[in-house]
Amino acid sequence: HDVARIMRMKKNRAFLLENVVGLKNHDNGRTLNIIEETLTDLGYSYDYKVLDAADFGVPQHRDRIYIIGKRSKRPGKTQFDWPTGSDKTVGIGNHIRSGVTDHSISKHLQNVYIYKKDDGRPQIVDESSDFPVKTLVASYHKIQRLTGTFVRDGETGLRLLTADECKAIMGFPKSFKIPVSRTQMYRQMGNSVAVPVIKTLAK
């Protein structure tokens, strides 16, 4: 509703929205229906699709719903010519540093939590990993074994991702400045958008 308020006031010619895939089924689809009705009432033609950031050159699987549209004399759902991305995925290995000493996960936490079950979780990567990582979430700093991706490195043999590794995962340039604490960095990166996807859709 806040986005709708801004669009009503600014009368922007076009828009691009992004959200988690669960938006499609939230409240049995009623939330998406409200969004569609609102966009139509505001005078926009629009379309939406789920895209995976891994198809757009980032080493991360990140399925998100994208809603794109423009002001139109014929508002409502239309057909947008969506980019398909590439079938060739990028592995995380080329972006992993070795010898990092200040992001270690303690041996105790590894023993009692991280490796408490032999179920293939969490995802562990290193310089040889030639696949995209799982979705980087805003709560990454809480070291969750089900959703986390950790690096085989550091003083204890296992560590968290560095800021540069997170930037690579989200498609930010290495030179991008993050002037906040590590915890806030993880939150902001996990809440961000995959830059190459947005860039491609904007074009």
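Structure first, text after, so check above.
Undergrad: What is the right way to read the side chain of Thr156 from this model?
TA: Along the polypeptide, Thr156 turns up in the loop between β6 (149-151) and α4 (163-170). Residue class for Thr156 comes out buried when judged on its relative accessible area of 17%. At 3.2 Å, the side chain of Thr156 forms a polar contact with the side chain of Gln110.

Undergrad: Honestly, the environment of Lys73 in this entry has me stumped. Any pointers?
TA: Within the fold, Lys73 resides in the loop between β3 (63-71) and β4 (76-77). Put simply, Lys73 and Tyr44 are 29 residues apart on the chain and 8.0 Å apart in space, counted from C-alpha to C-alpha.

Undergrad: Would you mind going over the sheet that holds β3 with me for this structure?
TA: Two pairing modes exist for strands in a sheet, parallel and antiparallel, and in both the strands are linked by backbone hydrogen bonds. The four strands lie next to each other as β1-β3-β2-β4, forming an open sheet whose pairing is mixed. Bordering the open sheet on either side are β1 (14-20) and β4, each of which pairs with just one other strand. As paired strands, strand β2 (residues 44-52) and β4 are joined by two bridges and run parallel to one another. Residue Tyr46 lies in a different strand from β4, and its bridge partner there is Lys77. Along the sheet, helix α2 (residues 30-41) contacts β1, β2, β3 and β4; its crossing angle with β2, the most-contacted strand, is approximately 145 degrees.

Undergrad: How do you make sense of the pairing of β3 when you look at a structure like this?
TA: Here β1 runs beside β3; their pairing, made up of seven bridges, is antiparallel. Considered in β3, the bridge of Ala14 is made with Lys70. Sheet analysis places β2 next to β3, joined by nine bridges and oriented antiparallel. Looking across to β3, one finds that Tyr46 is bridged to Gly69.

Undergrad: Help me out: how do you make sense of the environment of Leu32 in this one?
TA: Turning to its location among the elements, Leu32 is positioned in helix α2. The buried category is assigned to Leu32, whose relative accessible area is 6%. Aside from chain neighbours lying at most four places away, what touches Leu32 is Leu23, Lys24, Tyr48 and Ile67.

Undergrad: Where do I start with empty space enclosed by the protein in this structure?
TA: The tally for this structure, following the rule as stated, stands at one cavity of 30 Å³ or more. By volume, the largest cavity is sized at about 50 Å³. Val133, Lys134, Thr135, Leu136, Val137, Tyr140, Thr147, Gly148, Thr149, Leu161 and Ile169 are the residues that line the largest cavity. Tallied by class, residues from the lining of the largest cavity come to six nonpolar, four polar and one charged.

About the thresholds
- Residues numbered from 1 in each chain as written.
- Predicted model: local features only at pLDDT ≥ 70, side-chain atom pairs only at ≥ 80, totals over all residues.
- Heavy atoms only, no water.
- Helix = DSSP H or I, 4+ residues; strand = E, 2+ residues; numbered from the N terminus.
- Buried < 20%, exposed > 50% of the residue type's maximum accessible area, 1.4 Å probe, protein only.
- Polar contact = N/O pair within 3.5 Å; in protein donor to acceptor, adjacent residues only side chain to side chain.
- Pairing = 2+ DSSP bridges.
- Contact = heavy atoms within 4.5 Å.
- Axes fitted to C-alpha atoms, helices over the stretch in contact; angles between N-to-C directions.
- 1 Å grid on protein atoms, 1.4 Å probe; cavity = no way out; pocket = protein on both sides within 12 Å on 5 of 7 lines; lining within 4 Å.
- Points joined across faces, edges and corners; volume = space filled by probe spheres on them.
- Nonpolar A, V, L, I, M, F, W, Y, C, P; charged D, E, K, R; others polar.

Function-wise, these values are silent; they only describe arrangement.
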